[in-house]
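# A structural walkthrough
Below, each chain spelled out in residue letters.
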Amino acid sequence: MITPLEGYGLPLGSKKRPISGERFMLLGDAAYLIDPFTGEGIGNAIYCGVYAADQAAAALQSADFSAANLAAYDERVYRALWPELQLSHRLQKLVKYPRLFNMLMKAATRNKQLQELVSCMFYEMDIRKKLAQPSFYFKLLLNR
Ligand SMILES: Cc1cc2nc3c(=O)[nH]c(=O)nc-3n(C[C@H](O)[C@H](O)[C@H](O)COP(=O)(O)OP(=O)(O)OC[C@H]3O[C@@H](n4cnc5c(N)ncnc54)[C@H](O)[C@@H]3O)c2cc1C
């Protein structure tokens, strides 16, 4: 080995950060927009690419590249992505309780319906919402 090992965490969208300023906009991973629960960042990077292109076109038209003008980009990105990022962050915090997740996974090995539910949470927002509610785990404990 000729260099030390280095590792970096994924830039997770766990909190709102300023993602533009004087003459710049940050996109995708540079803007910390990876979903904190699924680890997916490609979709969000594409969304903000579209929004940044619109904002850049407007800035060029008005010849205004100020931080105040580009702040509309932050607003649009967070209006579209924040609800999902916030929910995923709540679920990410639940993983800190291994007993809870082990219980969920054990129950899923025995129950086909629950297996499908857990798989769907990666793309179904409503199911992800359900998993973030304590009542879901109570019902699971009571085997309902
Ligand atoms: C192991 C792993 C697995 C992942 N799996 C998934 C997944 O299954 N689904 C999903 O949605 N997301 C996944 N992600 C996250 C996803 O890869 C990123 O969120 C996404 O690629 C971000 O896109 P981006 O354009 O912001 O950045 P990037 O894709 O990193 O693109 C940035 C580009 O800029 C180039 N670059 C850097 N510095 C310079 C420079 N100075 N000059 C010129 N070019 C430069 C880099 O070479 C790179 O090509 C995964 C990430 C990792 C690390």
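Please refer to the structure higher up on the page.
Residues numbered from 1 in each chain as written. Predicted model: local features only at pLDDT ≥ 70, side-chain atom pairs only at ≥ 80, totals over all residues. Heavy atoms only, no water.

## Some remarks on the site of the ligand
For clarity, the cut-off: If even one non-hydrogen atom of a residue comes within 4 Å of a molecule or strand, that residue is called near it. Think of a polar contact as two N or O atoms within 3.5 Å of one another; within protein, one of them needs to be a possible hydrogen donor and the other a possible acceptor, and neighboring residues in sequence only count if both atoms come from side chains. Using a 1.4 Å probe, the Shrake-Rupley method yields the accessible areas, and only the shown protein chains count as cover for residues. For this scheme, ten residues count as nonpolar: Ala, Val, Leu, Ile, Met, Phe, Trp, Tyr, Cys and Pro. Four count as charged, namely Asp, Glu, Lys and Arg, and the remainder, Gly too, count as polar.
Residues in contact with the ligand, as listed here, are Leu 10, Leu 27, Gly 28, Asp 29, Ile 34, Gly 39, Glu 40, Gly 41, Ile 42 and Ala 45. A distance of 2.7 Å separates an oxygen atom of the ligand from a polar side-chain atom of Asp 29. Gly 41 places a main-chain nitrogen or oxygen 3.0 Å from a nitrogen atom of the ligand. Considering the ligand on its own, with 990 Å² of exposed area, one finds that the protein chains cover 28% of that surface. Looking at side-chain class alone, the shell around the ligand contains 5 nonpolar, 3 polar and 2 charged residues.

## Some words on helix 2 (residues 67–94)
As a reminder, the rule being used: A residue's bend is the angle separating two fitted axes: one through the seven residues that end there, the other through the seven that start there. Comment: elements are numbered from the N terminus, with helices defined as DSSP H or I runs of at least four residues and strands as E runs of at least two. Exposure is judged per residue with a 1.4 Å probe applied to protein chains only, and the accessible area is read against the type maximum: over 50% gives exposed, under 20% gives buried, and values in between give partly exposed. Any two residues whose heavy atoms approach within 4.5 Å are treated as being in contact.
If you look at helix 2, its biggest bend is around 50 degrees, right at Leu 81, and the proline Pro 83 turns up within four residues after that. Among the residues of helix 2, those classed as buried are Leu 70, Tyr 73, Asp 74, Val 77, Tyr 78, Leu 81, Trp 82, Leu 85, Leu 87, Ser 88, Leu 91 and Leu 94. In this structure, the buried residues of helix 2 make contact with strand 1 (20–21), strand 2 (24–25), helix 1 (42–62), helix 3 (98–110), helix 5 (125–131) and helix 6 (134–141).

## Some thoughts on the packing of aromatic side chains
The criterion, for reference: Any pair of Phe, Tyr and Trp rings, taking the six-membered ring for Trp, is counted once the centres come within 6.5 Å. Such a pair is stacked with planes under 30 degrees apart, edge-to-face with planes over 60 apart, and tilted for the rest.
In total, this model carries 2 aromatic pairs according to the counting rule given. Both rings, one in Tyr 78 and one in Trp 82, keep their centres 5.9 Å apart while their planes meet at 85 degrees; by these two values the pair is edge-to-face. Taken as a pair, Tyr 78 and Trp 82 lie in helix 2 at a separation of 4 residues, close to a single helical turn.

## Brief notes about the nonpolar core
Convention followed: Residues belong to a common nonpolar core when they are buried Ala, Val, Leu, Ile, Met, Phe, Trp, Tyr or Cys residues joined through side-chain atoms within 4.5 Å. Where each domain begins and ends is defined by an automated method or by a domain database.
Core analysis: the biggest nonpolar cluster contains 19 residues, and Leu 104, Leu 114, Leu 131, Phe 136 and Tyr 137 have the highest contact counts within it. Secondary-structure elements contributing two or more residues to this core are helix 2, helix 3, helix 4 (112–120), helix 5 and helix 6. Split by domain, this core shows at least three residues from each of two domains, domain 1 (20–93) and domain 2 (98–141). Sequence-distant contacts of Leu 114, that is, excluding residues within four places in its chain, are made with Leu 104, Ala 107, Ala 108, Phe 136 and Leu 140. In this structure, Ile 19, Ala 31, Tyr 51 and Val 77 belong to the second largest nonpolar core, which totals 12 residues.

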